[in-house]
Amino acid sequence: MSKQLFVEGKKESGGASSQVTAKIAYLNDHPYEIQDGDTILTLMRRHHGKDAIPTLCDAPNLAPFGSCRVCSVDVALVKDGPVKTMASCHTPVIPNSYIYTESDRIQKLRKNIIELVLTDHPLDCLTCEVNNNCELQAVAAKVGIRDVRYPDGKNHLDRKKDLSHAYMTSDFSKCINCFRCVRACDEVQGQMVLSMGGRGFDSHIIKSLETTFEQSDCVSCGACAQACPTSAISDIFESKSIQVDKKVRTVCTYCGVGCNLEVAVKGDKIKSIQAPYTADTNQGHTCLKGRYAFGFYNHKERLRTPLIKKNGEFVEATWDEAYDFIAGKLTEIKEKYGSDSIAGISSSRGTNEENYLMQKFIRAVMGTNNIDCCARVCHSPTAIGMQRTFGTGAATNSIADLKYTDCILVIGANPTDGHPVTGAKLKQVAMSGRTSIVIDPRRTELAKYATYHLQLRPGTNMAVLNMMLYYIISEGMEDKDFIAQRTEGYEEFKQEILSQNIDELEAICGVDRQLVRDAAIAYASAPNAMEFHGLGVTEHSQGTFTIMMITSLAMITGNIGRRGVGVNPLRGQNNVQGSADMGCQPYQGAGYMDVSDPVFHKKYEEFYDAKLPNYAGYKIPQMYDAALAGKLKAMWVIGEDMAQTDPNTHHVVNALSQLELFVVQELFMTETAKLATVVLPASSFLEKSGTFTNGERRIQRVNAVVEPIEGTKSDGQIMVDIMNRMGYKQPAVYDPEWVLEEVSRIVPFFEGVKWAELGENGKQWPVNKEGTGTEILHTESFKRGKGKFVHNDYKKSVELVQNEKDYPYIITTNRELEHYNCGAMTRRTNNALIVKEDVLLINAEDAAKHFINDGDMVCVESPRGKVDIKAKITDEVKPGILSSTFHFPEIMLNNITSSVSDSEALCPEYKVVSCRIRKSKGEYKKQKTTV
């Protein structure tokens, strides 16, 4: 007779207590409660630890597979009844069953399996890179292997190593055919590069069609290498080797996903990086930038001493000399021209604490609100648009909500390149058969798998969204209850939508109306629909209005305030969210409080004990105009290469050249640093501590991995030093803990954030005073009370109105997976061996018109200038549309982009640039790489 476990239930209406019988199973004759979804392996591990049952084909981020059979156990349905041997990894626990994990026959079976594996495996453990960290080695010891009774196999042992790739390596003589690499490529990255070829004893792993890593479609994410239980697949850094002194967990610097990294250090140098399986953001996955592109940190071209420009040439200086020079010039300029003649541009690559100190320095010490950051040129329309309609400008949900969604809508984003880990998850959703809608001028990787791809003309997002909303309303697909209870302004909005001319909008955007209708109905009819957008939405003249239309799309269908829904910006750089949270914008201080509001103005003055202006300062484009007008005399920039990445390069360089004092904190001598009066050598993210806030509002600890490169200082220490030098007293030593404590007293949604309590996975703001974070926003009400519907019509970009007659093509900018923004870091790693140059994506029809062949140099000319760039003929873009990147300074693509900006946020319109093309007369100039 089986034992029973009982759990106390809620009292019934009659007052009696109910009892619910818990499901149990017996592990080696001891009863244990079963949870929903338990396999035998998960049950055993929960009660007896990770190593309770040996495995070879199991991995934490992969679905159960059952290929190795090492995890086999005996299962009986009744006590002392007949047993059946079953693989514990994928076998659900049968209630009241009896499971035996160490019976004599199971031990013999496991030993026999491992002996057979070892016949086809080189026994060179002592010289192997994964010695003492090899799962085969560990399992062999656990099952008691002392010798192998079978003759050696011959199929794998003579296979050649593959060392063709910039990062990935393979030695398939050590492969045990566990399929983990194949499944990682399929289930985690979704790339399907690896497979099993051959039959029987000739079964072996293949890359694409029996080629090398270099020639395959591998995206170098390293998921296969991390999953491999031996060293059959590895990397040039031997990342599974335990020959290291320590491992430090930190957060990646490359994009807004916020991947956690486990960095291995040997001596005082970084050896390798892996992705921790316990990370909520990335669950053991990361892209090639996070995993492999760390070599820039100690590159020979790192700046290692302050530089002061004298007679047009940089001269080395001490830190004291640099500080004295800067402090003297700033004081002189402030006294002569006033506080508003000084400006600062902070960095979304810096930590929250460093950004906070930068805006504090500009406001409290310099006395001006002329502070901005690179969020201006990417997601400022998101912040303003969502603040106007929702009350807060941040992502409403978490990436984890993809598990609960029935439909994804991705607008103006290429996440598989720009946000690779999130992109891989979105791709998995699309491949799973759930509804996916992509709105993008390019046929992106995600668009290839989408249920609906609305391949619109660049600059016409507003036209498409008006059409989608028209069909949702005209088909009666609105969520009337949500609209009535949670929103305002709907009736006027509805009338505006229904008055739209669909014929005209269809002609404008170039997307068939039936396709738009089908996509709109699919989004509206999904039980849960989740929206994601990127710079293809914001970097337009109508960026803010487009964001407001996206929020209207979510509200009209009730896709706000619960799991699996929401409006979710894909932040470009790693701390775009955080730099804005910290007050690095000219119209809002730390915590998004309006600097012109008398209540908030007084609050800031009292908090900083300083006289502050009660009006907004310059945004970045206004800074350039003010410099050209002689009004702006000094600028301090942290980690931004505006001379390469901001639009209309000639205009930017001309403006920066007018400054009397230009201070740049940088890692390398960038195009912007070359224009500086003073260059201060900063420390990289691997050399400092602080916090980053990722795109889902997750505040995570960044932990210093190694000491700062000699001669450099963290951005935070530099800010503290200059404030003290100029008489505004701060603690002498920068420490994120005291800065974060100060932030928590001024930023309302950081109220309960404490350095010591952030843990490994951080907290999502708002964090209340008890320290509890928030996964989903607007669950009961919006920050502003009720969500607001605001309509705007499509308006043609002035760039096209003025120029399309003489410049009939449109070029739109994008990002490559292998590089990041100006490429200052990635170009100094092996990433530059994979993607070596910027190229021009051009449709075959347009190429034929201009007698351009693949690989030819093309002259691309706009009203601002011209560039010569190599052609890549593709079907990713439609005829009339071109696309390229600006990762390499040899091209300087922004020579041709315009100064047209979003009407509300002044975010540059990178995505709509009028141009004309011809086959270049010049010869191809090879790009410089500095690996």
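Basis of the calculations
For every chain, the first residue of the written sequence is number 1, and numbering continues from 1 along that sequence. Restriction of local features to residues with pLDDT of at least 70 applies here, the model being predicted, together with a cutoff of 80 or more for giving and counting side-chain atom pairs; totals for whole chains, interfaces and linings are based on all residues. Side-chain metrics in this entry use all non-hydrogen atoms of the structure; hydrogen atoms and water are not considered. Each axis is a line fitted through C-alpha atoms, taken for helices only over the stretch in contact, and angles between the N-to-C directions span 0 to 180 degrees. Secondary structure elements follow DSSP: runs of H or I no shorter than four residues count as helices, runs of E no shorter than two count as strands, and numbering proceeds from the N terminus. With respect to orientation, any angle under 35 degrees is reported as roughly parallel, any angle over 145 as roughly antiparallel, any angle of 65 to 115 as roughly perpendicular, and every other angle as oblique. The sense of a crossing depends on the near helix, which, turned anticlockwise from the far helix by less than a right angle, makes the crossing left-handed and, turned clockwise, makes it right-handed. A contact between two residues is defined here by any heavy atoms of the two lying within 4.5 Å. Charged residues are taken to be Asp, Glu, Lys and Arg, nonpolar residues to be Ala, Val, Leu, Ile, Met, Phe, Trp, Tyr, Cys and Pro, and polar residues to be all remaining types, Gly included. Between the first and last residue of a helix there are one fewer steps than residues, each counted as 1.5 Å, and that sum is the expected span. For every residue, the accessible area obtained with a 1.4 Å probe (protein chains only) is divided by the maximum for its type, and the residue is called buried under 20%, exposed over 50%, and partly exposed between those limits. Working definition: rings of Phe, Tyr and Trp (its six-membered ring) pair if their centres are within 6.5 Å, and the pair is stacked with planes under 30 degrees apart, edge-to-face with planes over 60 apart, and tilted otherwise. We call a charge positioned above a ring when the Lys NZ or Arg CZ atom is no farther than 6 Å from the ring centre and deviates by at most 35 degrees from the ring normal. To define a nonpolar core, start from buried Ala, Val, Leu, Ile, Met, Phe, Trp, Tyr and Cys residues and group those joined through side-chain atoms within 4.5 Å. Only when DSSP finds a minimum of two bridges between them are two strands counted as paired.

Visitor: Which residues make up the packing of helix H20 (residues 598-608) against helix H25 (residues 736-746), and what values go with them?
Guide: Axis separation between H20 and H25 bottoms out at 11 Å; the angle between their running directions is 150 degrees. Here H20 lies roughly antiparallel to H25, going by the angle between them. Crossing of H20 against H25: the hand is right-handed. Contacts from Lys603, Tyr604, Phe607 and Tyr608 in H20 reach Glu742, Arg745 and Ile746 in H25. In terms of residue class, the contact of H20 with H25 is built from 4 nonpolar, no polar and 3 charged.

Visitor: Report on helix H11 (residues 420-431), specifying residues and quantitative values.
Guide: With 12 residues, H11 should cover 16 Å at 1.5 Å per step; its first-to-last C-alpha distance of 16 Å lies within 8% of that length. Of all 12 residues in H11, 9 are buried; the element is thus mostly enclosed. Among all positions in H11, only Pro420, Val421, Thr422, Gly423, Ala424, Leu426, Lys427, Val429 and Ala430 are buried. Close packing links the buried residues of H11 with helix H4 (180-189), helix H6 (288-292), strand E19 (407-411), helix H10 (415-418), strand E20 (435-439) and strand E23 (529-533).

Visitor: So, the packing of aromatic side chains: which residues are in play, and what are the values?
Guide: Overall, the coordinates contain 22 aromatic pairs when judged by the stated rule. A ring pair is formed by Phe65 and Phe179, whose centres lie 5.2 Å apart and whose planes are at 45 degrees; its orientation type is tilted. Of this pair, Phe65 sits in the loop between helix H1 (40-48) and strand E5 (72-76) while Phe179 sits in the loop between strand E8 (168-170) and H4; the two residues are 114 residues apart in sequence, bridging distant segments of the chain. The interplanar angle of 40 degrees and the centroid separation of 5.0 Å between the aromatic rings of Phe493 and Phe789 together place this pair among those described as tilted. Placement of Phe493 in helix H14 (residues 490-498) and of Phe789 in the loop between strand E31 (787-788) and helix H26 (798-803) is noted, with a sequence separation of 296 residues between them. Look at Phe493 and you get buried, because its relative accessible area is 2%. Residue classification places Phe789 among the buried positions, given a relative accessible area of 5%. Put simply, the rings of Tyr167, Phe237, Tyr292 and Phe294 pair up and form one aromatic cluster. Lying over the aromatic face of Trp319, Lys713 brings its terminal NZ or CZ to 4.9 Å of the ring centre. A cation over an aromatic ring shows up here: Arg828 above the ring of Phe668, its NZ or CZ 4.1 Å from the ring centre.

Visitor: An account of helix H21 (residues 620-628) is needed here, citing residue identities and associated values.
Guide: An α-helix turns once per 3.6 residues; consequently, residues spaced three or four apart project the same way. What H21 keeps buried is the set Ile620, Pro621, Met623, Tyr624, Ala626 and Ala627. One or two residues past the end of H21 sits Gly630, with phi positive at roughly 85 degrees.

Visitor: Residue-level account of the environment of Val801, with values.
Guide: Looking at the secondary structure, you find Val801 in helix H26. On the accessibility criterion, Val801 (55% relative accessible area) is exposed.

Visitor: Describe the nonpolar core, naming the residues involved and giving the relevant values.
Guide: Grouped together as the largest cluster of nonpolar side chains are 62 residues, with contacts concentrated most on Phe361, Trp636, Met719 and Phe750. Residues Val182, Ala184, Cys185 and Phe237 belong to the second largest nonpolar core, which totals 60 residues.

Visitor: Describe the environment of Leu553, naming the residues involved and giving the relevant values.
Guide: You can see Leu553 is positioned in helix H18 (residues 543-556). Linking Leu553 and Tyr523, residues 30 residues apart in sequence, is a C-alpha distance of 9.2 Å. The contact partners of Leu553, leaving out residues within four places of it in the chain, are Leu409, Leu465, Met468, Leu469, Ile472 and Tyr523.

Visitor: Explain the sheet that holds strand E28 (residues 690-693) to me, and be specific about the residues and the numbers.
Guide: If you trace the 3 strands from one edge of the open sheet to the other, you get E28-E29-E30, paired in antiparallel fashion. Of all the strands in the sheet, just E28 and strand E30 (763-764) have a single pairing partner and so form its edges. Taken strand by strand, helix H8 (residues 352-365) contacts E28 and strand E29 (698-702), and its axis lies near 95 degrees from that of E28.

Visitor: Just give me the short version of the pairing of E29, but keep the residues and values in it.
Guide: Of all the 5 residues making up E29, 4 are buried; the element is thus mostly covered by neighbouring parts of the structure. Two strands pair when backbone bridges link them, and E28 and E29 are joined in this way by 4 bridges, in the antiparallel orientation. Considered in E29, the bridge of Thr691 is made with Arg701. Here E28 folds back onto E29 in antiparallel fashion, the turn holding 4 residues, of which Arg697 has a positive phi close to 70 degrees. Where E29 lies against E30, 2 bridges are found, and the strand directions are antiparallel. Opposite Ile699, over in E30, you have Lys763 as the bridge partner.

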